[in-house]
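This is what each chain is made of:
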Amino acid sequence: MTEEQQKRKHFILDQTATSEAFRPPGGGGGGSAVPARDRQRHGAALLKQVSDLKPEIEKAHVDQEAAGLEEGFGLQIEFESFPDIELAFESLAAERSNIELLNVRHEGDKTLATVFVPDGKLFILENKIKAYLEQDTEKGEPRNRKLVDAIRSIRVASVKALWTDDPEVFPQSEDEELWWEVWLPVRGVRKVVVDQFRELAEGLGFRVGQGQIEFPERTVLLVHGSLGQMQRSVLTLNSIAELRRAKETADFFDSLPPEEQSEWVDDLEQRMSVPAEDEVVPHVCVLDTGINNGHPLLAPALSDTDLHTVDPNWVTDDREGHGTEMGGLVLLGDLTPALDSKDDVISSHRLESVKILDRNHSNTGDSRHHGYLTIQAVSRPEISAPKRQRVFSMAVTARDNRDRGRPSAWSATIDRLAVDYENQGETPRLFVISAGNVNDPDAWAQYPGSNSTDGIHDPGQAWNALTVGAVTELIHITEPDADDYQPIAPAGGLSPFSTTSQTWQPHWPLKPDVVFEGGNAAKDAFSAVPMPSLSLLTTNADLQQRLFTTTNATSAATALAARMVAQLMAEYPDLQPETIRGLTVHSAEWTPEMKRQFLANPAKPNKGEVAHLVRHCGFGNPDLERALWSVENSLTLICEDSLHPFIKEGGNAPKLRDMNLHQLPWPLEELQDLGETEVEMRVTLSYFIEPNPSARGVKSRYRYESHGLRFEVKRPHESDDDFRTRINVAARDQEEQSTTGSGDDPNWLIGTRNRHRGSVHSDIWRGPAADLTSRGLIAVFPVSGWWKLRPKLERYNQQANYSLIVSIRAPEVDVALYSAIENRVKVPVEV
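Because the structure is predicted, anything quoted here is derived from the model rather than measured.

Colleague: For this particular structure, what's the right way to read the pairing of strand S17 (residues 350-355)?
Modeller: Look at any regular strand and the pattern is simple: side chains alternate between the two faces of the sheet. When you tally the buried positions in S17, you get 6 out of 6 residues, the bulk of the element. Burial along S17 is two-sided: the face carrying Arg350, Glu352 and Val354 and the face carrying Leu351, Ser353 and Lys355 are both buried. Where strand S14 (residues 283-288) lies against S17, 6 bridges are found, and the strand directions are parallel. Directly across from Val286, in S17, lies its bridge partner Ser353. Here strand S15 (residues 307-309) pairs with S17 via 3 bridges, running parallel. Directly across from His308, in S17, lies its bridge partner Val354.

Right under this line is the structure:
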């Protein structure tokens, strides 16, 4: 049998899961202790500070009325904790009285919280302190002790109290003018708050951008003005919840021109096969600087009607070159092997282009409002061709990496678009986006340390996107007069251009998700430089100058990833975007060089080291053949399913509702016959979350994600009831951030404590085949999110879709695993 005949389609299974009501066990809980203060002295001091706020509130009311405010009078107040004490900031809010927690920040060993207090409501905070002074709980403690004993001071909020961006990018002088990213609360009627803010801000001399981005509890606008202007106006503009600096115009890596022959194009054009314009095939929509479809290699795959711009006044032509470079890689991959070969080059997809960058229009506010532009960009092709299956490819990132994993307006917009928030998840979208580049040649010389310290750029932290870093196999330098240069990265190593999530806090997603070829750089004793021979060959925008150019870095890697995603969609057109993303991650493997670079002991790494590896290289370099096909001894099972994470009954608070138990068609006899032979099981769980961004605590009821999902696999000698109990304990641990649970299975590579970050979770179990026989029962269960914790938003009854992908691999033995499962699938799996 030929290799081609051995390829089999993956198993796509239905009805493998039963839903069970959740019964989390009791226990757990607790929290960090707050030292007791001198009750009378501390309470009296705080009461005085609150009393001192009263004339400030009266003055703010006068200023707000003079500026034209007609309703919503009030003051922003800042609370500061004692050192090394976590402020119980959620207790500061009183939603029924419209006292709203605006943001929470951490500065050194202090927690700071900013709260909006409406006119006439300051007494509520006073009463909390008076209760602390005068009333005891049943346990004999002062009432509200945990809150009040943690508060060091209370004061009127300044501009810095609203600043939730990196302190290093705070304006340096009162005269400095900048575009501010202004985050507004919703407060009942979003439009009223936004319109009122626009009117007030413009009346105070600010320039307000036209676009806005909407999230469940925030609206984001761009406002231009100086620091001094904002300081003078902040009490009047009392609806501001957060201030951040708008990102600079997105950047990309300049290409290098190789000397190529135009005859190559003619030869390749003859060997190309591209779907016709009217064929129903996937389209890759490139969000970039536009694509010049006059290029002979791109013209067959990109119609004039599929060229768009976010601004109708722009031309669709690519005058920068970057978008056309991406288009060539998305359609045909690296052109070097295609030109060297005489084989046919067959594309399974077509192209679309939306121009989102134009240097001639880079100084407007909206040009920095990247989330708003992305919404506009996505709408253009969807209006033009609403029924198409497409993937969005974007290799444009912010210039800096200051978010360090924290959601931004741009990354949250990607998450919102991916989950199709506006339409209740009816048509989810898949985004393939760049992790961003290490752009400093001096940093390349410090490889790979420079990769560890240069964090992924906005919007690469988006939970629902496939974020792409770069690996390289390119090490052969062929330029003349380059004898003194050596490649920086070894073959199979992380590319010098690739950014990582190593500096992020551990609760943020594991990023990048995967890595693709992104080229290499070279260095001599004096400098580091990119070189054409260490780059990828692609299409050039300026046809009068040349037909080919080279490109590199995570932009090139992102284009290659989008190409693979389109190939998967073409072969499996009915799979959901969550599944396509999951399959891409599921097929990825680390090269031996990656393991050598980032694991202290590649032969027997501990789970923390593997998490370190993932934060640099993602889950590895995906393999198209493995993503597309199963074979007899290495097969993949795909389950697309859903559950209801939460339920609200009557007047009770929402609680956990369902978990799904998947009984898979396991090849029991074949695994038992293999005995102690080592086999591998890989499990990937992929789903999309609904975002709710704000700087109010990542583990609080204001958390970013709507919900979380987790998977657990039944262990050897574990009864079904014991397995259920373990799942309940694991869910409780996740709810309470405790670690009382059931321990970690040592045979998992990443482990439960590290793998459950973000919204795609993948892990590998290795062990004796006999131990795998009992692991055909897999649970998918929910953990908390804002759907549950913010009941006033009324999303607690939402359904959560997910994709569960499971592979069994026995690469060293000839065993008919696929046929065994195929025979079982013909008979419905008994649940």
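Alright, that's what it looks like, and here's the rest.
Colleague: Can you help me understand a negative patch on the surface in this one?
Modeller: Together, Glu70, Glu71, Glu199 and Glu202 make up a region of like negative charge exposed at the surface. For Glu71, a relative accessible area of 49% corresponds to the partly exposed category.

Colleague: Just to check I follow, could you spell out the sheet that holds strand S32 (residues 658-663) for this structure?
Modeller: Sheet strands associate in pairs through backbone hydrogen bonding, adopting either a parallel or an antiparallel arrangement. Spatial strand order, S3-S32-S36-S34: 4 strands in an open sheet with antiparallel pairing. The open sheet has two free edges, formed respectively by strand S3 (17-21) and strand S34 (708-713), since each of these has just one partner strand. Taking the axes of each pair of neighbouring strands and ignoring which way they run, one obtains an average angle of 25° across the sheet. Looking at chain direction, S3 and S32 are connected through 5 bridges and run antiparallel. For Glu20, the partnering residue across the bridge sits in S32 and is Met659.

Colleague: I would appreciate a short explanation of the packing of helix H13 (residues 370-384) against helix H14 (residues 409-419) in the present structure.
Modeller: A pair of packed helices is characterised by two quantities: the angle between their axes and the separation of those axes. For the pair H13 and H14, interaxial distance at closest approach is 8 Å and the crossing angle is 30°. With respect to H14, the element H13 is oriented roughly parallel. At the point where H13 passes H14, the crossing takes the right-handed sense. Across the interface between the two elements, His370, Gly371, Thr374, Ile375 and Val378 of H13 pack against Trp410, Thr413, Ile414, Arg416 and Leu417 of H14. Of the residues that constitute the contact of H13 with H14, the class distribution is 5 nonpolar, 4 polar and 1 charged.

Colleague: Explain the sheet that holds strand S35 (residues 760-768) here, please?
Modeller: Read across the sheet, 5 strands follow the order S2-S29-S37-S33-S35 without closing on themselves; strand pairing throughout is mixed. The open sheet is flanked by strand S2 (11-13) and S35, the only strands paired with a single partner. Here the average twist between neighbouring strands, direction ignored, is 15°. Bridging between strand S29 (residues 634-643) and strand S37 (residues 800-809) involves 10 bridges; their strand directions are antiparallel. For Leu643, the partnering residue across the bridge sits in S37 and is Ala800. Here helix H18 (residues 577-586) sits on the sheet and contacts S29, strand S33 (678-686), S35 and S37; the angle it forms with S37, its principal contact strand, is near 30°. Against the sheet, helix H27 (residues 817-825) touches S2, S29 and S37, its axis set at about 30° to S2.

What counts, and where the lines are drawn
- Residue numbering note: each chain is counted from 1, following its sequence as written.
- Given that this is a predicted model, residues contribute local features only at a pLDDT of at least 70 and side-chain atom pairs are listed and counted only at 80 or more, while totals for whole chains, interfaces and linings are drawn from all residues.
- Note that the side-chain values use all heavy atoms of the structure and ignore hydrogens as well as water.
- Each residue is assigned to one of three classes by its accessible area relative to the maximum for its type, calculated with a 1.4 Å probe on protein chains only: buried under 20%, partly exposed between the two thresholds, exposed over 50%.
- Where helices and strands are cited, they refer to DSSP runs of H or I of at least four residues and of E of at least two residues respectively, numbered from the N terminus.
- A pair of strands is treated as paired once DSSP finds two or more bridges between them.
- Residues enter a patch when their relative accessible area is above 30% and they make no salt bridge; the linking distance is 9 Å between like charges and 5 Å between nonpolar side chains (Val, Leu, Ile, Met, Phe, Trp, Tyr).
- Using a 1.4 Å probe, accessible areas were evaluated by the Shrake-Rupley method; residue-level cover was limited to the displayed protein chains.
- A side-chain nitrogen of Lys or Arg and a carboxyl oxygen of Asp or Glu constitute a salt bridge if their distance falls within 4 Å.
- Within this scheme the basic residues Lys and Arg register as positive and the acidic residues Asp and Glu register as negative, but His and the chain ends are omitted.
- To locate a charge, take atom NZ for lysine, CZ for arginine, CG for aspartate or CD for glutamate.
- To get an axis, fit a line to the C-alpha atoms, keeping to the stretch in contact for a helix; angles then go from 0 to 180 degrees between the N-to-C directions.
- Angle categories: roughly parallel below 35 degrees, roughly antiparallel above 145, roughly perpendicular from 65 to 115, and oblique for all the rest.
- Left-handed is the label given to a crossing in which the near helix is rotated counterclockwise from the far helix by less than a right angle, and right-handed is the label when the rotation is clockwise.
- Residue contacts are counted whenever heavy atoms from the two residues lie within 4.5 Å of one another.
- Gly is put with the polar residues, along with every residue not named as nonpolar or charged; the nonpolar set is Ala, Val, Leu, Ile, Met, Phe, Trp, Tyr, Cys and Pro, and the charged set is Asp, Glu, Lys and Arg.

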